[in-house]
Amino acid sequence: MEKIISGKVREVYQTAPDRLAIVTTDRVSAFDVILPTPIPDKGRVLNALSSFWFSYTGDIVKNHMVSESQADMPPQLQGPEFEGRTILVKKLNMLPFEFIIRGYLFGSMWKEYEKTGGFCGRALPQGMRLAEKLPEPILTPSTKAEEGHDVNVSVEYMEEKLGAELAQKVCGAALALYQRCYDYAYERGIIIADTKFEFGLDENGQLVVADEVLTPDSSRFWSREAYQPGVSPESFDKQYLRDWLTANGQNGKEPGPQLPGEVVEKTRQKYLECQERLVPKE
């Protein structure tokens, strides 16, 4: 078993020529900095959410999941510390973009809108407020940066790199995934404001969604009950942690600071509430 990736949150091992084992840790990153303090149970929450969404959307697009059973894992990953946070997946030829679906005007999109009235070359209606719902969800691709921040690019640039047919398939799949899961979450009191997807191609050239899907790490989850346009919404994701880092002048600074116990526990509770609301109990 060879470790091939040690990411911000995940450890990835190659277990066979066409198989990978992914272990989701309790590490947390913000502003592209891995913080030294883990968030207990975070890895298991992310794993449970992704596994649920994969099963819930399997009719829209294939996914990379092979098994989440401990019995199917390599012996080195069958210890109790790996239970609930390890999955076996199909190895893919990954596409070189992240595909971000935005349903609300927030984050970097809001900052650019304030300056230009649009985002990534796309015009938006005038007079929109912070966190306001867009007329319809839009896809804004970004390149995958080895270090530092990913770079937003136009849909036209993505089409040029992938080819029109594949780009159209990806756009259709990403928007369908977002809408299906948005409706499900909204009924359970969570607004999925935006999210990112990653896709690859299998050995037959079929499109497959991979990595994580619709977790608090890859999405903005807001409280439907507390939501109102014009103010920064109450969140069930890392926004609380980002806000604490910003308020303490630690956003983007390396090395990241140790987190106070209160911040760790509040962040942990936000992750756990996502799982509680979204993942059906067995």
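Structure: see above.
Structural notes, computed from the coordinates. Each residue is numbered by its place in its chain's sequence as written, counting from 1. Per-residue local features of the predicted model are confined to residues with pLDDT of at least 70, and side-chain atom pairs are confined, for both listing and counting, to 80 or more; whole-chain, interface and lining totals are unaffected and use all residues. Note: side-chain values were computed over all heavy atoms of the structure, leaving out hydrogens and water.

Overview of the overall build of the protein
Now for step 1: Secondary structure is summarised from DSSP: a helix means a run of H or I of at least four residues, a strand means a run of E of at least two, and numbering begins at the N terminus for each. Secondary structure summary: the protein contains 6 helices and 17 strands in total.
Now for step 2: Taking the principal axes of the C-alpha coordinates as reference, the protein spans close to 55 × 50 × 40 Å.
Now for step 3: Considering the protein as a whole, with its 282 residues, one finds that 50% of them fall into the buried category.
Now for step 4: Pairs at least 24 apart in sequence give 63% of the contacts found in the protein among residues at least 6 apart.
Now for step 5: Exposure was quantified through the Shrake-Rupley algorithm and a 1.4 Å probe, taking into account, for residues, occlusion by the shown protein chains and nothing else. As displayed, the protein has an accessible area near 13,600 Å², and 48% of this comes from carbon and sulfur atoms.
Now for step 6: Positive charges come from Lys and Arg, negative ones from Asp and Glu, while His and the chain ends are left out of the count. The location of each charge is read from NZ of Lys, CZ of Arg, CG of Asp or CD of Glu. If you average the places of the 33 positive and of the 42 negative side-chain charges in the protein, the two averages end up 2 Å apart. Here's how the labels work: a residue is buried when its accessible area is under 20% of the maximum for its type, exposed when over 50%, partly exposed in between, all with a 1.4 Å probe on protein chains only. What makes two residues a contact is simply this: any of their non-hydrogen atoms within 4.5 Å.

Digging into the pairing of strand β16 (residues 207-210)
Now for step 1: By the alternation rule, side chains of β16 split into Leu207 and Val209 and Val208 and Ala210, which are all buried.
Now for step 2: Bridge count for strand β6 (residues 62-63) against β16 is 2 bridges, and the pairing is parallel. Paired with Asn63 across the bridge in β16 is Val209.
Now for step 3: Criterion used throughout: strands pair if DSSP finds at least two bridges between them. Counting the residues that bridge the hairpin from strand β15 (residues 190-201) to β16 gives 5 residues, and of these Gly205 lies at a positive phi of roughly 80 degrees.

Section: helix α6 (residues 261-278)
Now for step 1: Multiplying one less than the number of residues by 1.5 Å gives the expected span of a helix. Helix length check: α6 (18 residues) gives 26 Å between terminal C-alpha atoms against 26 Å at 1.5 Å per residue, within 8%.
Now for step 2: Along α6, the positions that sit buried rather than exposed are Val263, Val264, Thr267, Lys270, Tyr271, Cys274 and Leu278. Along the long axis of α6, the arc covered by the buried residues comes to 130 degrees, so they all point the same way. Opposite its buried face, α6 presents the exposed residues Gly261, Glu262 and Glu276, each directed more than 90 degrees away. For this quantity, the arc is that covered by the directions from the helix axis to the C-beta atoms.

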